[in-house]
Amino acid sequence: MELSTIIPHIEALIFASDKPLTALEITEYVNNALGFIEDRASLDQVESSIDGIKEKYDSEFYAFELKQSGGGWQFLTKPEYHK
């Protein structure tokens, strides 16, 4: 499966979740959401996608970042925007 296909789904899942999500949970949710597609996302693809998403939001243009916290991944406000 192309990473460009699953990255938006991963971003949406992490953003909408009320708890940190592990890479394994994300893989399961993505594959359930895209169940009609024969080519399933692998854990390695999800982890590579997470790395890309993290790099994207580490940019100075975003007020939040992707962090591993509480046993999973979540979007958090960058420290310089806490106030």
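Residues numbered from 1 in each chain as written. Predicted model: local features only at pLDDT ≥ 70, side-chain atom pairs only at ≥ 80, totals over all residues. Heavy atoms only, no water.

A. Broad picture of helix α3 (residues 43-57). The end-to-end C-alpha distance of α3 is 21 Å, a good match for the 21 Å that 15 residues give at a rise of 1.5 Å each. Turning to α3, its buried residues number three or more, namely Gln 45, Val 46, Ser 49, Ile 50, Ile 53 and Tyr 57. An end-on view of α3 places all buried positions within 140° of arc, on one side of the element. Counted as exposed and oriented over 90 degrees from the buried face of α3: Asp 44, Asp 51 and Glu 55. (Helix = DSSP H or I, 4+ residues; strand = E, 2+ residues; numbered from the N terminus. Expected span 1.5 Å × (residues − 1). Buried < 20%, exposed > 50% of the residue type's maximum accessible area, 1.4 Å probe, protein only. Arc of directions from axis to C-beta.)

B. Structural view of the nonpolar core. Grouped together as the largest cluster of nonpolar side chains are 17 residues, with contacts concentrated most on Ile 6, Ile 10, Ile 26 and Ile 50. Residue assignment for this core shows that the elements contributing at least two residues are α1 (3-16), α2 (23-33), α3 and β2 (72-77). The element that contributes the greatest number of residues to this core is α3, accounting for four residues. If we ignore the near neighbours within four places in the chain, the residues touching Ile 6 are Met 1, Val 30, Leu 34, Ala 41, Gln 45, Val 46 and Ser 49. (Core = buried A, V, L, I, M, F, W, Y, C linked by side-chain atoms within 4.5 Å. Contact = heavy atoms within 4.5 Å.)

C. Broad picture of the packing of aromatic side chains. Considering all chains together, one arrives at five aromatic pairs under this definition. Relative to Tyr 62, the ring of Tyr 57 lies with its centre 4.6 Å away and its plane at 65°, an arrangement referred to as edge-to-face. Tyr 62 sits in the partly exposed class, given a relative accessible area of 28%. Through a chain of ring-to-ring contacts, three or more aromatic side chains come together here, namely Tyr 57, Tyr 62, Phe 64 and Phe 75. (Phe/Tyr/Trp six-rings, centres within 6.5 Å; stacked < 30°, edge-to-face > 60°.)

D. Region of interest: the environment of Ile 6. Relative to the elements of secondary structure, Ile 6 occurs in helix α1. Between the C-alpha atom of Ile 6 and that of Thr 27, which follows or precedes it by 21 residues, the distance is 9.4 Å.

E. Structural detail: the pairing of strand β1 (residues 64-69). Two elements, β1 and β2, share six bridges in a ladder whose sense is antiparallel. Note on β2: the bridge partner recorded for Glu 65 is Leu 76. Where β1 hands over to β2, the hairpin turn is made up of two residues, of which Gly 70 adopts a positive phi near 65°. (Pairing = 2+ DSSP bridges.)

F. Focus on a negative patch on the surface. Residues Asp 44, Glu 47, Asp 51 and Glu 55 make up a contiguous surface patch of negative charge. Of note, Asp 44 is situated in helix α3. (Patch = residues over 30% accessible without salt bridge, like charges linked within 9 Å, V, L, I, M, F, W, Y side chains within 5 Å. Areas by Shrake-Rupley, 256 points an atom, 1.4 Å probe, with all protein chains shown as cover. Salt bridge = Lys/Arg side-chain N within 4 Å of Asp/Glu carboxyl O. Lys, Arg positive; Asp, Glu negative; His and termini not counted. Charge placed at Lys NZ, Arg CZ, Asp CG, Glu CD.)

G. Spatial organisation of the pattern of salt bridges. The full count for this structure, using the stated rule, is three salt bridges. The shortest N-O distance in the salt bridge between Glu 11 and Lys 56 comes to 3.1 Å. Placement of Glu 11 in helix α1 and of Lys 56 in helix α3 is noted, with a sequence separation of 45 residues between them. A relative accessible area of 16% means that Glu 11 is categorised as buried. The salt bridge partner of Glu 25 is Lys 19, with a shortest N-O separation of 3.0 Å. Classification of Glu 25 by relative accessible area gives partly exposed; the value is 23%.

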